[in-house]
Amino acid sequence: MDNAIKVILISQAPLPFSKIGSWTTLYKNYLEGKHKIDGIVCPKPENSYKTIQYSFVNFTFWHKLQRKFLKKKNQEYFQALNKLIVPNEKYIIQIVDNYGMVKPLKNYLVSKGIADRCYIQFFYHGYLPYTQKDSKDFYEAIDEMVLLTHDSYRQHKNQVSILPGYFSVLHNAIDTQKFTKISELEKTKLKRELGFNAKKVFVWCSQDRPKKGLNLILNVWKEIYGLHKNIVLVVIGSDPREETEGVLFLGRIPNDELPKYYQASDCYLFPTLCQEGFGLSLIEALHCGNYCIASALGGVPEVLQYGKLGKLIENPHSIAEWENAINEFLEGNFETPKFPDDLYAMQNWNEGMNEIIEKAKNKLKNKEN
């Protein structure tokens, strides 16, 4: 009976995805191993997975007209999905972060008379619940929501009156073979190669948007650098700003080069000013041996185990709190965190995904009974 239940992923990104993206990277690793995905609906990628049945999305002028005049969205995806649907079979359909696709998908399944044979899993990489005026229809349309943290689930439970029947938590993950700590001897050598020499190295790495807190950290740094000269702040992902003493702007660098900068650094700064879902760069830096100082917002406290794995800034808009935390680190007033080597490892994510799928199959099987 289990074999009759197929798993289909609907993706707006062509998979495998050639660019950097957190969830697309996770799926790439997953789909190259022991996965349980049977089909993918997506735009045509440059390459494809040989073990998966694809149905490529064809964007036509007619679809554009449907969107504009008939207010019918995502019809091209449902036409592609229809090619994978076989009479009398059951389906788990996965959607990642695409809120706007859920209600049209449910309507499509109802119109085909197959809604009772389908189980919709929505993977959400944000933190706070959706609060749009039509969010009630969204939550009623999905069977299961998969979140990044338990704290996010508590937010949903407290803020939303009508929720799907099932919730799961699947933490984000990284390649812990790639992002790993090196010896002190190797670190000293790497610092020298990168021109950091004997300085204490701090790193900020993100997209350069106001909510990521770079401006705040640069203001903090001006105060810190006045007291400590043998330090450097390495900024990755941002175009150079005005020249600032003790700050090195590296701009955008290839993802494969990130580990060496984390490995050469001593402290990772994560001054997010928004409700982050998780924070992948935070755990990358953690696994490379950094002490982490981060905003206590969104899913970050859970990721850092509420302070066991780093310093949480309770009032992240406060320059004084960041200054105090950085000064404490420079003065040696901190404990190096200990954690398992496989914490937030991709292998755990793969196993967690398979477990979530198997449980969904059982729920769909029982739904019939």
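Residues numbered from 1 in each chain as written. Predicted model: local features only at pLDDT ≥ 70, side-chain atom pairs only at ≥ 80, totals over all residues. Heavy atoms only, no water.

A. Fine view of the sheet that holds strand E1 (residues 5-10). In spatial order, the strands read E3-E2-E1-E4-E5-E6-E7; together these seven strands make up an open sheet with parallel pairing. Sheet topology places strand E3 (53-56) and strand E7 (166-169) at the edges, where each strand pairs with a single neighbour. Each strand of the sheet is rotated relative to its neighbour by a mean of 20°, with strand direction disregarded. Where strand E2 (residues 39-42) lies against E3, four bridges are found, and the strand directions are parallel. Paired with Gly39 across the two strands is Gln53, which belongs to E3. Of the strands in this sheet, E1, E2, strand E4 (90-96) and strand E5 (118-123) touch helix H1 (residues 22-31), which is tilted by about 140° from E4. (Pairing = 2+ DSSP bridges. Helix = DSSP H or I, 4+ residues; strand = E, 2+ residues; numbered from the N terminus. Axes fitted to C-alpha atoms, helices over the stretch in contact; angles between N-to-C directions. Contact = heavy atoms within 4.5 Å.)

B. Spatial organisation of the packing of helix H8 (residues 214-225) against helix H12 (residues 319-330). Running from amino to carboxyl end, H8 crosses H12 at an angle of 55°, the nearest separation of the two axes being 10 Å. Classed by the angle they form, the pair H8 and H12 counts as oblique. Crossing hand, H8 versus H12: right-handed. Counting all contacts with H8, which are made through Leu216, Ile217, Asn219, Val220, Glu223 and Ile224, the residues of H12 involved are Ile319, Trp322, Glu323, Ile326, Asn327 and Leu330. (Parallel < 35°, antiparallel > 145°, perpendicular 65-115°, else oblique. Left-handed = near helix turned anticlockwise from the far one by under 90°.)

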